[in-house]
Structure formats: structure tokens, C-alpha cells
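Below, each chain spelled out in residue letters.
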Amino acid sequence: MGTPVNIIVGSHVWVEDPDIAWVAGQVMKINGAEVEVKTSTGKVVVVKLSSIYPKDEDAPPGGVDDMTKLSYLHEPGVLQNLAARYQLNEIYTYTGGILIAINPFQRLPHLYDLHMMEQYKGAPFGELSPHVFAIADIAFRAMINEGKSNSILVSGESGAGKTETTKMLMRYLAYLGGRKGTEGRTVEQQVLESNPVLEAFGNAKTVRNNNSSRFGKFVEIQFDKHRRISGAAIRTYLLERSRVCQISDPERNYHCFYLLCAAPQEEIEKYKLGHPKTFRYLNQSNCYELVGISDAHDYLATRRAMDIVGISQKEQDAIFRVVAAVLHLGNVEFAKGKEIDSSVLKDDKSKFHLKTVAELLMCDLTGLEDALLKRVMVTPEEVIKRSLDPDGALVSRDGLAKTLYSRLFDWLVDKINNSIGQDPNSKCLIGVLDIYGFESFKTNSFEQFCINFTNEKLQQHFNQHVFKMEQEEYTKEEIDWSYIEFVDNQDVLDLIEKKPGGIIALLDEACMFPKSTHETFAQKLYQTFSKHKRFIKPKLSRTDFTIAHYAGEVLYQSDQFLDKNKDYVVPEHQDLLSASKCSFVAGLFPPILEETNKSSNKSSKFSSIGSRFKLQLQQLMETLNSTEPHYIRCVKPNNLLKPAIFENVNIMQQLRCGGVLEAIRISCAGYPTRKTFYEFLHRFGILAPEVLEGNLDEKTACTKILEKMGMTGAQTGKTKVFLRAGQMADLDARRALILSTAAKKIQRKTRTHIARRHFLALQQAAICMQSVCRVRLACKIFDNLKREAASIKIQTKCRGHLTRKNYSILKNSVVKLQTGMRAMAAGKEFRYRKQTKAATTIQAKWRGHRDFSYYKRLIRASIVTQCRWRGKVAKKELRKLKMASRETGALKEAKDKLEKQVEDLTLRNQLEKRRRSEIEEAKNQELIKLQQSLEAMQSKIEESNALIQKERETAQKAIEEASSIVHETPVPVEDTAKIESLTEEIEKLKDVMQSEKQRADDAERKYAETQQLSEVKTQKLEETEKRVQQLQESLSRLEEKMTNVESENKVLRQQALAMAQNHKLLSRSSRSIMHRVESTKTAPDFHSTSMNARDQSEMEDRPQKSLNDKQQEYQDLLIRCVAQHLGFSRGRPVAACIIYKCLRQWHSFEVERTSIFDRIIQTIGNAIETQDNNDILAYWLSNASTLLLLLQRTLKAGGAAGAAPQHRRAPSATLFGRMTQSFRSTPPGVNLSLLGDDSAGTIRQVDAKYPALLFKQQLTAYVEKIYGIIRDNLKKEISPQLTQCIQAPRISRANLMKGAARTLANAAAQEILISHWQGIVKSLANFLNLLKTNHVPPFLVRKVFTQIFSFINVQFFNSLLLRRECCSFSNGEYVKTGLAELEHWCYKATDEYAGTAWDELKHIRQAIGFLVIHQKPKKTLDEISHDLCPVLSIQQLYRISTMYWDDKYGTHSLSPDVIANMRVLMTEDSNNAVSSSFLLDDDSSIPFSVDDLSKSMDTFDISDIEPPPLIRENSGFSFLLPQAN
């Protein structure tokens, strides 16, 4: 550890505390070698100066992810860093290349899911947050790059999480190395599936852990030449055999015993079992069940696991028979026999259990009893049988039980290895060592001795590795390290294993002598190692001894060392069980090979567990030395096995036992403090400001500061400053002194400023008081002046008011008099005008009626005249037609011959005419009725409106007259008679007004009723008009059909005249006519006579080609044409339009078999083989999507085809027949609009057959494929720039420095960083222009950029959660600037192409908003989760808030209360359901369907598409030529 130096008053230090290991405090007084410290708990303690350590006040509150970055690398610094990270659920921390994993005692599935694996795959070590996956990844990469095997050593005490860590390592290695299946299951699956079996038979509950591994396990994962997992092997070490017979409360025996006792009832009866408390080997402890664990369920799970690893049912039965036999064997008790030193079975219960053991093991009962009660001694003269006393019989019984169980466990391991399978050709492997940690209990026996011996060996390997890493670091930084010494623990290893004088050698020697006891063994140890510095003899014991291990002194009790070290099998047990009728039991005890010079098979060679374990450990170390090691130290935070509890003393002991503190000691022997140039200058640049002001590079500036401070021994490497122990504290003390001086100066200036401000405030108060007094005096004077002025003004206003009042009275009297006179004159004028208007109206009505009657008589007379004249003309025309008909007698014979041929047509014509006449009559009748009803309604409405209007006018005038009279004020005149007459007239007018009001109300009510009736009839009228419109449409269609029939009749008549002249051509013309009639019924195209005649003559003149050749020729020409880049015509892809028009014209959608679809698909596939050419991909995406749209709106399933009338198939039913028919029959003026066959563009769907529907599906697949390729290409293009943006914080911290001389360089660096974002925007803009150039539908463009922005959001957000340097204030500002660039691009791209892409960045936008917001400690959880970051989950908010650090202003993150509330919510979520990962997942699916694409694209006309030159001149493609109307 670093030696604390230069501690001054006010320094923050760590003081040792017996309860919490270390407590923070501040130095209050220094008295020589003693220091008075006030701790954070409020206590004042006096400690020695040499026992305190400096505290780093500038350390981040969330700790550092690599403890080599700590400014002070000592015990309290390490402990505080681990505690701070554990409180934030950061359970992993690096110490150089060593990973420290603290067991969280809660499920954190988001740390181990597939998203997290993807993030750590291939990531440089140290770039992401510490994780077990990072260790596995670096081991795998080292194996691939260097071709050397690697090993990962996982250590820790029981309950620290070694087994779970090993599972995670194997999962990740399987994820990296691919899979090589074995019988349907992968190797890693088999290894993981074997864990339940090994845990059932090798794990037990201890004081510290409910599932403690009581054996060491080394898993070798083998890889083939392709670096895939090809095999695996499990090596086990030192199963704790003594636990089978001896357990202490509250521990349990091995799980399998309790599982078997909780088996189904038939199994229990089969093995004659009961409750665990009835068995001696289980009832030594009162713990039979584990909280929250069902032994019955685990029994079935273990059975399933045995099935999975390949253990047959027969073997499983044999295994559990052996387990049951061990339990029954423990209940066999012995009593003294009749003879001296003999023993017999104690009672019938013991006999029952012994008999059950014999039945389960299928061995002889008498032989079993003799093997337990007697021993055979072989001498050269004879074989002697010796009885055992009860104690000896118990030892024999327990020995047999332990041997049975250990042999069973070894068989299981061998069986699992055989099931998994090993790869003999494997060149590389990664070994995962899951082994017990250092143990020191109140009672330490032979097992603890072996365990601690193993840990001493591993610690030596660990120390060598740490020292090697230190050397590599120093060599990499090119500093001198030759004088650094390496302290090893070889002396302890020599004490234990050295031959011939080591403890193990002496133990083996004592075991070989029959009369040796543990007392003689202990005395031998005292004599041999009395002067060894690592061996200590206790004062109060004659058999105990103490060894000073690297982790502390351990007191061992040698009472059972000799018994536990003996490993030979009793010959009687060996012979008995090898002769078992059960092949499984006999296989556990194979015959021992006899040696020469042995006279009997009843003797065996001595073997010790210690020697065998030493040999196994030597082999393990050879394996580890041949591999590149990686270390994971698992730590248990508390003995309560509960989350969020961090016991400092317990963890310090584990760090010491795990060798972490030893590694720190090795680091402190060299350069414990390492700071990058930026960090060093940022922290200690204040010691030499002139260095920062100069234009010096970072290394030179750091060297200048070290020289100025006199830091001898410190060195500057290539990228870091290396400080010796104590130098960091010295620099901090000097820095604190400078800061203290500056603080005093600031305080002095501040006090001066406060006093000056107080004086100025007093002065300002005095001036203010004087001003108030003067203002008060002035106000009194002003009040007097104001009262005098007010009194004068009041007098003036009163006089004016009185004068104005008199004038107003006089004026009102005159006005009233004038009003009355004017009202009388106006009444007379009104009555005169009313009479005049009524007379004029009557005259106008009469004259109109007279003129209209005259007009109707004229119309009637003209119609009669016209009818008579037309009848006369028609009679003349009739006479002419009759004369002409007599002259046509010569044609009567020919007409009779044609009557039979046109009989059907005539009949149809008559039917059509009759139907037409009926429809016309019905229509006329309906129209007449509707017109009459409409006229009646209109007349009623007009009458009502006229009546209402007239009544309204009358009422209005009456109201005006009455109101004008009512409101008149009587004028005080003397004409009393006139007043009375006016009063009577007023009363009459009131009555009239009342009656008019009543009439107006009645009229309004009638008007409302009439209006309602009118609305109902108007609605009926609209419905009738719709029906009339439908009838008119039907009539127009019938007229069109009639016109067609008449034209056909006309053609037939002309052809009949021609046949009369040439009888030879008659039959041919008739067939042609009949063929045309059928073609007219089935085909939608009509042909002109001249065109048809010309085509027939051409077909007759030249030889006809083969149908198949013709079909192939047209298809080849079309394929060659579309394989070229045909471009676009007014935004429409030419190739897609040409393909569609050809397929539609050839009726390819309606045939059962055709190859044209496959050839088109093959052409598209060949065109997009080069997946890196985005221009070609965009071109074909536009064509494929357009063609798919055309097919989507044209094709329908062929299920409705059967309902159509079936016409007789002509020879043109084949594909080529339809093609040739179309070539012949297409008129020059056909207009092909989108999905329509007429010029109006009406949609007509086609009943598609299977090939057409399959073609549509294939085309859909190609659209999705091309879309995915284009999207992935854009992702690949922007990925390097995204990586540079993500790594920008690291670059910026390395380049951006303080000082005026670096301003320009910093500005240039900022421009470089922003250029990465600009590069992304440029790539997006270029891609958008490419898609727009190729007229890709905007819907697809929006989808592409939406997924690209989602990809950007995922990459940045995940990097934010995994890289602490990205979670800073300055990086938030940097990313915010980049997001502004993207937002500006979205604005320029418009919503048509960008769509909702900007919304996809919601996670990173809200996270960045959190990073750059000020005053975070004042924010509440509700404000953060609902207002600022509503999209982010609690896990994500917790991760960001705990990783946040302000590298610009030094502010803090959220308050501890908010962090604690987040942790509570996360705990509740994990209890309710499986917590989701805080990482985002990139969605690479296709985000649209064919229907979505069809709905998003507008209809357009394809009739005017110009065909390409390759097919334009071909007559077979003449239908593609656009024709003028």
C-alpha cells in the first residue's frame, strides 16, 4: 500500500474502524506522529499518522470502472470504490485485467441477455463497462489471434456466485464460437445441462451458501480449427468426502439425499426411505429443507437432467440405489460383543437397515456384515481374521459410505464427459476454473488445509500474472522498471509440498506407520518447522498448528488429518462390492491389479489423498501455465444473502483471501498511481500555470510540473504519468495548499465587497428618507391647490347644468309637436300608395293571364299543323318505298337463303327492341309521374311562399303603422275632439295589429309544416333522380348494345350480297362472320372490317410460323428489352409498365401454364446480384414496386371464374393464340390506362390463375429483399461515421486542453468532430437523391429512413448506456449538436421523404436532454420520468443517472433520494416479472405489407408510355405504341 505522506491540517483521510473497516474523516490537528481526526460519524479520534490514508475528494461519486485509475490505490480506496458501484447495481469492476464480481443476490437478466452479448462481441477490452462477457471475449479473441489456449480462473468463497459466473462464461463462449451439434444438442448445452446433476451430488448447504460447491471443477471447452466448440471435459478435484458422514448445524448433507427422500411415494417405498430426520447421516443438523426450494421438484429436475446427459433409466435406478444404501448404512449401529474387542449389530433396526443395504447393493448379507465387523490380516504364515470393536466398526461403516459416494461421484463425472464427448483433434481450448476460495473457520481440518494449499498455488500463479501485466504496462509505456522487486509466496508452498520435508510428505509418512497418531504427527511438525517463519506453534495446544498464508494466519486441528488422508479401500469392502450382482455397483469397484511379490489379494498399496491431490493440482497448474490466464474474483457482499447490503469487513477479508489486495500490493511496489496526461494536467496544472500557458505538448508539460514539484522517481510514459507511492498525496497536498490560499483570497475580497455593499445600502437609505420627507411636504401644498381649483370647477359645472336643463325642456316640447304633425301627413301618403300598388298588381295579373292563354292556343295550333304536314310527307315517302320494294324482287331469292343464317340475330334484335320499348315506357311513365308530382309540389310551394310573403308584408306594415302611432306622445293642444278621434283610431290600429300578429303566427306555422313536407318530398325526389340516372345508364348500355347489333346486321347484309355473287367464298365468309360474332362476345376489343380483312390476307399470303417459336421469340425480345436500363417517363418506370402491358395484352394472367413469369423473376434476380450497387438496386426497387402495385390492383383469385358463363373455346385459348389474336385485333386508337380497358380508366380485375398469383408472391419477396439490401447498405455506409461519433468523447478528452495557445487547435478538433455528423448527413442526402432519381415510391423512402434513424437511435443510446465516457455533459452537448444536424436534414427532406424519422430518435434525444439539463439534483423522479424522459424506462434512467459525470462544470447527478426511489421501482419490477433489457434492439424486419404499399401509391396513366427502340419497330408489339385520340 502507498505510504501516506504530507498530511496537513484539513486533509481528508481514511481512518481504520473496527465496525466498518474504514471511515472517512478530516484532519483537525497534527501532534508529531499522532493525528486528531474528526470522522464522518461525528467522532473525534486520535490515531497514528502512519495508519491513515489520504482520501481522493475528486473521485467520481459513482466510482471508477477500473481501480488502476484510482488516484490512491489502497485498501480504503478500493473498498469505497466497490461500495459506490455496488450501490448503483454496478456489480463488475476491473483491477487492470482482473474482474471483481460482487454477487447482487437478485436477478439482473438485462445484464446477460442477447443484446448485451452483441454489444460486447469484438469490443476492445475496457471500452465498455466491466462485464464477465468482456473477460470471455478477450480470452476468445486471444485464442483466435495467437492460436494459444486460454483459461479463466473463477474464485471466491461459498455464495460469491462462482457457479453462476461460470454459466455466463460458457453461454458467451458458445455464443461467440458457434455451435457444433452432438445428437441434436450442442456441447455447451450439454455442459450446462450437466450442472444440475453435479450440483445435486456435489453441492450442499453451508453456513454461507445454500448451494455451495464442495468440489473444484475445471471445464475445458475445446475448439476445432474453425474456432467452433467441438468438445468439452470436466475435471473435478477433492470432493468433500467427510460431509457424507459428518455435518454440523445448520448445514446440510449433499442435495441428492434430500431429493431422494422427497421422491414420489413409489420411489420411497422402493428404496424403503422416509423423512430425512430418520437417517443418521442427515439428522446431525436440524436443517432439512431450504426456504423457497422444493426438493420434490428438484428431484424430478435432476432426473430430467440425467436423461439429457445420457444416463439411462437402469443406470439412474442403480445410482439412487447406491444413494439410498449410503443412507441406510448410516443407520447401522454396533454394540460390544461377547468377546473382547468385538462388536455385533446393536438391534433389529440395525439388522433391517443392513439387510436393506445388502438388497440395494445386491451383495451377500453375511459378507457385508463380516466386512463391517472384521478385518483380515495377511502374514507370510497365515491369514488371520480380527474382530473390530464398536468404534472400529463405525469407522469401517463410515469409510464404506464415503468410498461408495466418492466412487459414485467419479462415475457421474466420467459419464458426463463421455456424454459430452471430447475432440481429440482440438488445438485450442478455453478452460474455466470454478474452484473453492480461501477458507478459515473456527475449526479447520484436512479439507481446509488442501483448499488453502490450492489457493496458495493459484495465488502464486496470480501474482506472477499480475507482475507480468505490470511489466507489460511499463514496457508499453517505455519506462524503467528494472529495480522493482517481486515478492513471492514460494516459502509457504515449500512448507506444504516440498519433498522430503514438507507437511504433506510428513503426513504420508505418518499414515504409513500403523502406530502413528495425530499427536506424533503434530510433534513431528513442531520439530521440523520450529524455525520456519510461516509455521507457528500455538501455546495452548499440543496438536494444532498455524500457517501464515497470504490471506492471513489459519489455525489447523490435526485430529483427523491421518484418517482423512488415507485413501486405500478396505480389501473386504473391495472384494464384497466387486462381486455384487449389480453390474453398476461392481463397476464402481473394479479389481485391483496384483503386484509382484504380493502373496495375497488381501493386501493393497498405500495411497494418500494429499499426494493424489498434490498430483492433480500439479497437473492443473501445468494446464494453467500452458494457457493465457484471465482472472475473475467473486465476492459475497454479506452473509445474509440479501441484496443492497454491503458489509465492509467481510468484503475486505474476501479481497484479501482472493488476492486482490496482494495484487494491489504488487502494484504499489512499482507505480500505483497512473494518470493520463490530460487527467494529470487537468488536476495538477494549477501547480504550474505557466506550463499550461506555454505552447508545449502534453508530455513535456507533465514533465515540467514533476520537475518543478521535485517528484523524484516519477516517470512519464508514452500516454501516462507514473507516480510512486505517496507522491500522489504530496501533489494533492500542494494542490490543496494553493487552492486554500486562493480560497482565502476569495473570502477576503468577498468580505470587502459585503462591507462596501452594506455602506452603500445605508447611504442609499438616508437619501431615500430625505426624499420621502420632501415629497410629503410637496404633497400637502399640492393638495391645497387642487382643492381650490376643484371648487371653481364645481361651480362652473352647476351653472352650466341648470341652463342646459331649461333648454332641453323647451326643445323636447317643440320636437313632440313637429312629430305629431309629420305622422299625420305620412299616414295619408302611405294609404294612397298602398291603394295604387294594389291596383297595379291586379292589372298585371290579368294581362299576364290573357297573354298566356293566347300563347297556349298558338302552340296547340302550330303542333296540329306540323303533325298534319309531316303525315302528308310520310305518305308520299311510303308510296315511294312501296314502289322501290316491288323493284327488289330479284334479290328475294338471295334474301331467303340468308334468312336462316340471320334468324338468331333477328330474334335477338326483336327481343332487345321489345325490352328497350318496355324500359322506355316504364321510364316515361315514371318520369311523367315524377314531373307531375314535382310540378304540384312546386306550385304549392310557390303559393305558400307568395301567401307568406304577402302576409309578412301586410303584418310588417301594420306593425310599423301601429308602433308609430302607439309611441306618439300626446301634444298638449286645445283641440279635444281631434285627440279623441286619434285615440279611437289608435285603439282600432291596436286591434288590427293584434289580428295581423295572429295571422302572421298562423302563416309561419303553416310555412314550417310546408317546409318540412317539402324537405321530405325533396329527399324522395333526389332518390328518384338517382334511380332515373341509373335507368338512363342502363338505357345507354342497351342502346350501345343495340347499336352493335345493328352494325352486325349491316355487316351481315353486305356479306350476304357478296356471297350471292360468289358461292365459293360464301362458306368461308360465313365461318369468319360466326368467328367474329363469338370473338365479339368474349373479347373486349372491337375490330374494324378493313383491318380484319388485311390481317386475313397477310396470314394467307405468307407461311405461318410455328406457334411455340413465335411465342419464344416475343418472350425473348421482351426479356432482352427489360434487362436494359429503360429509365423513366415522367416519373413512371418504363420497364414495369412495358411488362405489365405485355402480360395484360397476352392474357398471361389467365393461363394455367407459362414460363414468362419465371423469366421475368430471373431477370430481376440477375440484375440485383451486385448488392453493393445502390443505383441498380434503387432502379429495380422502383420497377418492382410499381409492377407489384399494378398486379395488386389487377389480379383477383380465380374462385369466381366458375360462375361466369362458359363459352366455346376458340383455337386462341392458348397463350400464343391469345397473343396472336391481340396482335391482329388491336385497333390503332386503343387507349390503355392504368388497370382499365377503356379510355375512362375504369378498373377491371382479372381472374388470376396459379402462375400469376405465384408471380405476385415472388415479386413481393423481391421487393422486400431489395428494400432490405438498400437499407443494410446505408447502415454499412454510415456505421464507420457512427463509430467515430461514439468514440468522439475519448478523442475530445485526449485533444482538448486548457490554455490560450490551444484555442485554435481546440476549434479545429471541434470542427473535425462535427464533420463526423456532417458526413452522416451527407450520406443520407446522397442516398435520398439516389432514391428520388430512380423515382422510388415516397412510401418506401420514408420506411428506409425511419429504420435508419431507428438504427442511429439504437447505436447511440446503447453506447450511452455502456460507455461511461459517453455519459458526460460535454458529450451531451456534442451529440445534441449532431442531432440538430439530423433535424435540419429532416426539415430539408420534407415529410414526404423523411416522414416520422425524427421521432425514431426519441430515446437518444431524451437521454441527451437529461445529460445537458442543469440543476439535476433539484429534479424529482416524477419530473424526470414524465416530463423530461417519458419514453425511457426506469432501468434506462437509472443507468444514465448513475453513469453521468460532468466533465465541464463538475456538477452532480440526481439526488440520492431519487436514485433510491429508482432502485425500489427496479426491485419491484424484477419481483413482478422478468425485467426487460435496458438496451435497445435494432429492428431489421420489413415494416410494410403489399396492401400498405398499394394504398400509399397514387393511380397514374400508363397508356402514353413510349416503348423502347428494341421493340418499337416490331409489329408484334404495336399495341404498345401510344395512339392519338
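How each quantity is defined
Residues numbered from 1 in each chain as written. Predicted model: local features only at pLDDT ≥ 70, side-chain atom pairs only at ≥ 80, totals over all residues. Heavy atoms only, no water. Helix = DSSP H or I, 4+ residues; strand = E, 2+ residues; numbered from the N terminus. Buried < 20%, exposed > 50% of the residue type's maximum accessible area, 1.4 Å probe, protein only. Contact = heavy atoms within 4.5 Å. Areas by Shrake-Rupley, 256 points an atom, 1.4 Å probe, with all protein chains shown as cover. Pairing = 2+ DSSP bridges. Axes fitted to C-alpha atoms, helices over the stretch in contact; angles between N-to-C directions. Salt bridge = Lys/Arg side-chain N within 4 Å of Asp/Glu carboxyl O. Phe/Tyr/Trp six-rings, centres within 6.5 Å; stacked < 30°, edge-to-face > 60°. Lys NZ or Arg CZ within 6 Å of the ring centre and 35° of its normal. Patch = residues over 30% accessible without salt bridge, like charges linked within 9 Å, V, L, I, M, F, W, Y side chains within 5 Å. pLDDT = per-residue confidence, 0-100. Parallel < 35°, antiparallel > 145°, perpendicular 65-115°, else oblique. Nonpolar A, V, L, I, M, F, W, Y, C, P; charged D, E, K, R; others polar. Expected span 1.5 Å × (residues − 1). Lys, Arg positive; Asp, Glu negative; His and termini not counted. Core = buried A, V, L, I, M, F, W, Y, C linked by side-chain atoms within 4.5 Å.

Undergrad: Go over the overall build of the protein chain with me, naming the residues and quoting the values.
TA: Looking only at helices and strands, the protein chain has 47 helices and 28 strands in total. Counting every position in the protein chain, which comprises 1525 residues, the buried fraction comes to 45%. Intrachain contacts of the protein chain at a sequence separation of at least 6 include 73% that bridge at least 24 residues. Per element, the accessible surface of the protein chain, about 81,700 Å² overall, is 53% carbon and sulfur.

Undergrad: Any chance you could break down the sheet that holds strand E19 (residues 544–549) for me, citing the residues and the numbers?
TA: Paired through backbone hydrogen bonds, the strands of a sheet run either parallel or antiparallel to each other. Spatially, the three strands line up as an open sheet ordered E18-E19-E20, and their pairing is antiparallel. Each of the sheet's edge strands pairs with one partner strand only, and the pair in question is strand E18 (535–536) and strand E20 (552–557). Pairing of E18 with E19, which is carried by two bridges, proceeds in the antiparallel orientation. Note on E19: the bridge partner recorded for Ile 536 is Thr 546. Each of E19 and E20 is contacted by helix H13 (residues 446–477), which is oriented at about 150° to E20, the strand it contacts most.

Undergrad: Just give me the short version of the pattern of salt bridges, but keep the residues and values in it.
TA: According to the stated counting rule, one finds 35 salt bridges in the structure shown. In this structure, the salt-bridge partner of Lys 167 is Glu 199, at a minimum N-O distance of 3.7 Å. Separated by 32 residues along the polypeptide, Lys 167 in helix H4 (residues 162–177) and Glu 199 in helix H5 (residues 187–202) bring together distant segments of the chain. Between Asp 1116 and Arg 1159 there is a salt bridge whose closest N-O contact spans 2.6 Å.

Undergrad: How would you summarise the environment of Ser 406 if you had to cite specific residues and measurements?
TA: Residue position: Ser 406 is located in helix H12 (residues 390–420). Each C-alpha atom of the pair Ser 406 and Leu 238 lies 9.7 Å from the other, and the pair is 168 residues apart in sequence. In this structure Ser 406 touches Leu 239 and Arg 241, once residues within four positions along its chain are discounted.

Undergrad: Break down the packing of aromatic side chains for me, citing the residues and quoting the values.
TA: Centre distance and the angle of the planes are the two values used to describe a pair of aromatic rings. Enumeration according to the criterion identifies 37 aromatic pairs in this entry. Arranged with centres 5.2 Å apart and planes meeting at 55°, the rings of Phe 680 and Phe 684 form a pair that is tilted. Of this pair, Phe 680 and Phe 684 both sit in helix H23 (residues 677–684), separated by four residues, roughly a single helical turn. Classification of Phe 680 as buried rests on a relative accessible area of 0%. Classification of Phe 684 as buried rests on a relative accessible area of 1%. Among the aromatic residues, those joined into a cluster by ring pairs are Phe 446, Phe 449, Phe 521, Tyr 526, Phe 529, Phe 535, Phe 545, Tyr 556 and Phe 561. One Lys or Arg, Lys 55, reaches over the ring of Trp 14 and ends 5.2 Å from the middle of that ring.

Undergrad: Describe unusual backbone geometry, and please don't skip the residues or the numbers.
TA: In this structure, Asn 89 takes a positive phi of about 65° despite not being glycine. Tracing the backbone shows Asn 89 in the loop between helix H1 (75–87) and strand E6 (92–95). If you check the backbone angles, Met 362 has positive phi at about 55° while not being a glycine. In this fold, Met 362 is placed in the loop between helix H10 (348–361) and helix H11 (365–373).

Undergrad: Break down the sheet that holds strand E8 (residues 150–156) for me, with residues and values.
TA: With mixed pairing, seven strands are arranged side by side in an open sheet as E6-E7-E21-E8-E17-E11-E12. Only two strands of the sheet have a single neighbouring strand rather than two, namely E6 and strand E12 (229–237). For this sheet, the mean inter-axis angle between neighbouring strands, taken without regard to orientation, is 20°. Alignment of E8 against strand E21 (residues 628–635), held across six bridges, turns out to be parallel. Residue pairing for E21: Ile 152 is matched across the bridge by His 630.

Undergrad: Tell me what's going on with a nonpolar patch on the surface, and back it up with residues and numbers.
TA: A grouping of Phe 852, Tyr 855, Ile 859 and Ile 863 is seen on the molecular surface, where their side chains present a nonpolar patch of about 390 Å² in accessible area. Mapped onto the fold, Phe 852 is located in helix H26 (residues 727–887).

Undergrad: Kindly report on the confidence of the model for the protein chain, identifying the contributing residues and their values.
TA: With 84% of its residues at a pLDDT of at least 70, the protein chain reaches an overall mean of 80. When the criterion is pLDDT under 50, residues 595–605 qualifies, and its contacts beyond four places in sequence or with other chains add up to twelve contacts. The low-confidence segment residues 1058–1105 (pLDDT under 50) makes 34 contacts with residues lying over four places distant or belonging to another chain.

Undergrad: Describe the packing of helix H40 (residues 1338–1362) against helix H44 (residues 1434–1443), naming the residues involved and giving the relevant values.
TA: Each pair of packed helices can be summarised by the angle the axes make with each other and by the distance between the axes. Relative orientation of the contacting elements H40 and H44 amounts to 55°, with a least axis distance of 9 Å. Judged on the interaxial angle alone, H44 and H40 are oblique. Across from Phe 1357, Leu 1360, Leu 1361 and Leu 1362 in H40, the residues of H44 making contact are Gln 1436, Arg 1439, Ile 1440 and Met 1443. Residues that form the contact of H40 with H44 fall into these classes: six nonpolar, one polar and one charged.

Undergrad: So what's going on with H12? Which residues, and what values?
TA: In an α-helix, one turn spans 3.6 residues, which is why side chains three or four residues apart end up on the same side. Taking 1.5 Å as the rise per residue, H12 with 31 residues should run 45 Å; its terminal C-alpha atoms sit 45 Å apart, in good agreement. Note on H12: the residue one or two positions beyond its end, Gly 421, has a positive phi of about 90°.

Undergrad: Talk me through the side chain of Glu 572; I want residue IDs and the actual numbers.
TA: Position of Glu 572 among the secondary structure elements: in helix H18 (residues 571–578). For the buried Glu 572, no salt bridge exists, and the shortest N-O distance to an oppositely charged side chain is 4.4 Å, to Arg 375. When sequence neighbours within four positions are dropped, the list of residues in contact with Glu 572 reads Ala 371, Arg 375 and Val 376.

Undergrad: Could you give me a rundown of the pairing of E6, with the residues and numbers involved?
TA: On E6, burial covers both faces: Tyr 92 and Tyr 94 on one face and Thr 93 and Thr 95 on the other are all buried. Across four bridges, E6 lies against strand E7 (residues 98–102) in antiparallel orientation. Across the sheet, residue Tyr 94 finds its bridge partner in E7, namely Leu 99. The turn linking E6 back onto E7 is made up of two residues, and Gly 96 within it adopts a positive phi angle of 70°.

Undergrad: Describe the side chain of His 1316, with residues and values.
TA: By the secondary structure assignment, His 1316 is in helix H39 (residues 1303–1333). In this view, His 1316 contacts Gln 1281, Gln 1284, Cys 1285 and Tyr 1374; residues no more than four positions away in its chain are not counted.

Undergrad: Residue-level account of the nonpolar core, with values.
TA: One broad trend across soluble globular proteins is that nonpolar side chains are buried collectively. Membership of the largest hydrophobic core comes to 270 residues, with the highest contact counts inside it found for Phe 201, Phe 257, Ile 632, Leu 655, Phe 1345, Leu 1382 and Ile 1440. If near-sequence neighbours (up to four positions away) are discounted, Leu 1382 is found in contact with Trp 1317, Ile 1320, Val 1321, Leu 1324, Phe 1349, Ile 1352, Trp 1398 and Leu 1401. Formed by 52 residues, the second largest nonpolar core is a distinct cluster that contains Ile 496, Ala 510, Cys 511 and Ala 663.

Undergrad: Explain the environment of Ile 319 to me, and be specific about the residues and the numbers.
TA: With respect to the helices and strands, Ile 319 occurs in helix H9 (residues 313–330). Each C-alpha atom of the pair Ile 319 and Val 585 lies 8.7 Å from the other, and the pair is 266 residues apart in sequence. Those residues in contact with Ile 319, other than ones at most four positions away along the chain, are Phe 201, Met 306, Ile 311, Leu 408, Trp 411, Leu 412 and Phe 584.

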